[in-house]
Amino acid sequence: SSGINAEWPLRPGVTRQNVNAAMVFEMLHQTLALMTSYFGKVSEEAIKNNFVLIYELLDEILDFGYPQKTDSGILKTFITQQGIKTTTVEEQTKITNQVTGQIGWRRDGIKYRRNELFLDVLENVNLLMNAQGKVLSAHVSGRVVMRSYLSGMPECKFGMNDKVMVDNKDKESTGLKDDAAYKKRNQGIAIDDCTFHQCVKLSKFETERSISFIPPDGEFELMRYRTTKDISFPFRIIPLVREAGNKMEIKVVLKSNYRAALLGQKIEVRIPTPSTTSGVNLLCNKGRSKYKSSDNAVVWRIKRMAGLKEAQLTAEIELLPSTENKKWQRPPISMNFEVAFAPSGLMVRYLKVFEPKLGYSDKSTTRFIRYIGRAGLYEVRA
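These numbers come from a predicted model, not from an experiment.

**Here's the deal with the overall build of the chain**
Line of reasoning, step 1. Counting its regular elements, the chain contains eight helices and 19 strands.
Line of reasoning, step 2. When contacts within the chain are restricted to residue pairs at least 6 apart in sequence, those whose partners lie at least 24 apart make up 74%.
Line of reasoning, step 3. Put simply, the chain shows about 23,200 Å² of open surface, and 50% of that area lies on carbon and sulfur atoms.

**What to know about helix 3 (residues 51-61)**
Note: α-helices contain 3.6 residues per turn, so residues at a spacing of three or four share the same orientation.
Line of reasoning, step 1. All of the buried residues in helix 3 are Leu53, Ile54, Leu57 and Ile61. Each buried residue of helix 3 sits inside an arc of 100° when the element is viewed along its axis, so together they form one side. Those residues of helix 3 that are exposed and angled more than 90 degrees off the buried face are Tyr55 and Asp59.
Line of reasoning, step 2. Buried residues along helix 3 sit against helix 1 (21-39), helix 2 (44-49), strand 1 (62-63), strand 2 (66-67) and helix 4 (72-78).

**Here we look at the sheet that holds strand 9 (residues 235-244)**
Line of reasoning, step 1. Pairing within the open sheet is antiparallel, and its four strands lie in the order 9-10-15-12. A strand with exactly one partner marks an edge of an open sheet, and here the two such strands are strand 9 and strand 12 (277-284). Averaged over all adjacent pairs, the angle separating strand axes in this sheet is 15°, with direction ignored.
Line of reasoning, step 2. With 10 bridges joining them, strand 9 and strand 10 (residues 247-256) adopt antiparallel strand pairing. Counted as the bridge partner of Leu240 is Lys251 from strand 10.

**A look at the nonpolar core**
Line of reasoning, step 1. Judged by nonpolar contacts, the single largest core of 35 residues is most densely connected at Phe235, Leu254, Met335, Phe337 and Tyr378.
Line of reasoning, step 2. The set of elements that each furnish at least two residues to this core consists of strand 3 (116-129), strand 9, strand 10, strand 11 (263-272), strand 14 (297-306), strand 15 (310-319), strand 16 (333-339) and strand 19 (366-380).
Line of reasoning, step 3. The biggest single contributor to this core is strand 15, with five residues.
Line of reasoning, step 4. Contacts of Met335, omitting those with residues within four sequence positions, involve Phe235, Ile237, Leu254, Ile267, Glu268, Val269, Ala375 and Tyr378.
Line of reasoning, step 5. The next biggest cluster of nonpolar side chains, apart from the first, holds 26 residues, and it includes Leu117, Met160, Tyr225 and Val348.

**Quick look at helix 1**
Line of reasoning, step 1. Compared with an ideal rise of 1.5 Å per residue, which puts 19 residues at 27 Å, helix 1 spans 28 Å between its outermost C-alpha atoms and is within 8% of the ideal.
Line of reasoning, step 2. Among the structural elements, helix 2, helix 3, strand 1, strand 2 and helix 4 are those in contact with the buried residues of helix 1.
Line of reasoning, step 3. By the N-cap criterion, in which a side-chain oxygen at the helix start approaches the backbone nitrogen of a residue two or three places on, helix 1 is capped by Asn20, the distance to Ala22 being 3.0 Å.
Line of reasoning, step 4. One or two residues past the end of helix 1 sits Gly40, with phi positive at roughly 80°.

**Considering unusual backbone geometry**
Line of reasoning, step 1. The phi torsion at Asn296 lies on the positive side, around 50°, for a residue other than glycine.
Line of reasoning, step 2. In this structure, Asn296 sits in the loop between strand 13 (288-292) and strand 14.

**Here's the deal with the environment of Lys292**
Line of reasoning, step 1. Among the structural elements, Lys292 can be located in strand 13.
Line of reasoning, step 2. Lys292 sits in the partly exposed class, given a relative accessible area of 25%.
Line of reasoning, step 3. Once residues within four sequence positions are removed from consideration, Lys292 is found in contact with Ala297, Val299 and Arg301.

**Description of the packing of aromatic side chains**
Line of reasoning, step 1. Counted according to the given criterion, the structure contains eight aromatic pairs.
Line of reasoning, step 2. Where Phe118 meets Phe368, the ring centres are 4.9 Å apart and the plane angle is 10°; that geometry is what we call stacked. Highlighted residues: Phe118 in strand 3 and Phe368 in strand 19, separated in sequence by 250 residues.
Line of reasoning, step 3. Assessed through its relative accessible area of 39%, Phe368 is described here as partly exposed.
Line of reasoning, step 4. Every member of this aromatic cluster is reached through a ring pair, and the members are Phe235, Tyr258, Phe337, Phe341 and Tyr378.
Line of reasoning, step 5. For the cation-ring pair, Arg147 lies above Phe118, with the distance from its terminal atom to the ring centre recorded as 4.6 Å.
Line of reasoning, step 6. We note Lys352 situated over the ring of Tyr350; from NZ or CZ to the ring centre the distance is 5.1 Å.

**What to know about the environment of Ile231**
Line of reasoning, step 1. Tracing the sequence through the fold places Ile231 in the loop between strand 8 (218-227) and strand 9.
Line of reasoning, step 2. Residue Ile231 is classed as buried on the basis of its relative accessible area of 13%.
Line of reasoning, step 3. In the structure, Ile231 is positioned 111 residues away from Ala342 in sequence and 9.2 Å away in space, judged by C-alpha atoms.

**Notes on the sheet that holds strand 16**
Line of reasoning, step 1. Strand order in the open sheet formed by nine strands is 6-8-4-3-19-16-11-14-13, and the pairing between neighbours is mixed. The open sheet has two edge strands, strand 6 (193-196) and strand 13, and neither has a second partner. Across the sheet, the mean angle from the axis of one strand to that of its neighbour is 15°, orientation sign disregarded.
Line of reasoning, step 2. Bridge analysis of strand 16 against strand 19 gives five bridges, and the strand direction is antiparallel. Looking at strand 19, one finds that Met335 is bridged to Tyr378.

Reading the values: the criteria
Residues numbered from 1 in each chain as written. Predicted model: local features only at pLDDT ≥ 70, side-chain atom pairs only at ≥ 80, totals over all residues. Heavy atoms only, no water. Helix = DSSP H or I, 4+ residues; strand = E, 2+ residues; numbered from the N terminus. Contact = heavy atoms within 4.5 Å. Areas by Shrake-Rupley, 256 points an atom, 1.4 Å probe, with all protein chains shown as cover. Buried < 20%, exposed > 50% of the residue type's maximum accessible area, 1.4 Å probe, protein only. Arc of directions from axis to C-beta. Pairing = 2+ DSSP bridges. Axes fitted to C-alpha atoms, helices over the stretch in contact; angles between N-to-C directions. Core = buried A, V, L, I, M, F, W, Y, C linked by side-chain atoms within 4.5 Å. Expected span 1.5 Å × (residues − 1). Polar contact = N/O pair within 3.5 Å; in protein donor to acceptor, adjacent residues only side chain to side chain. Phe/Tyr/Trp six-rings, centres within 6.5 Å; stacked < 30°, edge-to-face > 60°. Lys NZ or Arg CZ within 6 Å of the ring centre and 35° of its normal.

This is the structure in structure tokens:
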């Protein structure tokens, strides 16, 4: 600091006159940079270890309280003493991990009486369709979530029907690549983009299209992905709206497009109604329906619905007379559901486990794979 008097050797921040504050802060920054160039990160322990060097530096950069030389290049020509660099806890951990091969997301010594691995493919299908059945926009956002209860430090390998991997296998195969049934059975999905957990070895995914990893203990998200092609839409909504004076009739047909052996659950169709609605008569051949005046909507709920089935709802709506000539805009019909398959078509081809030290593999590991497809923003214009 500027204006330091020799009578105040232990209080360098005190001055007897007004000084340039910017110069004081610049001097402090230069001092910090100088210490960093000599012994690395400045900490309490580093200052204790290098106090002799710090006294030498302060003697050179300050004369009677006035800043002198602060350039490290010049000072290192005549203060040649090497600083003692202090290794931080993070650096020590990093060095230990490099030497021992330990990984940060999984501790060593984990033991389970029974080795189990649960894998969930969770997908949200988003759809905007017009009344004629033309798809305006659609995509699937998916997650692969795992719960790992494995002993030791196991290596896992996960493979799916990624289009790149399937095409490569088709090229290697002979005699089958022109078979239509073979192509349909082994059709891969085109993943637009994906992100992985830090445990995944990305180099192997790029070369082999297989996902190799040492899993964290417990539940974690292995990967996220997004697809926009060849989506299987679980439900088709066919709306029909008729308006006549102060009356309106809305007829909605709901069709399930998945296999007959599967069940759709938690199905809810929300049909908007005009704000001038005074009364609604509802008739449905499956589930329960109710008019919610607070939401200006008819809510149709079905607990379960098998594949390749059809359900129908008819709503007769009475409208109040309105002085406004503005036409009702007909908001889209929205839907929620849950089905036991992946709408993107993603399938797990294999899930392998190998623990070299403890000597167990996927043959002695209990593995569970589950597919769940849910509605994201699933809308059909009326």
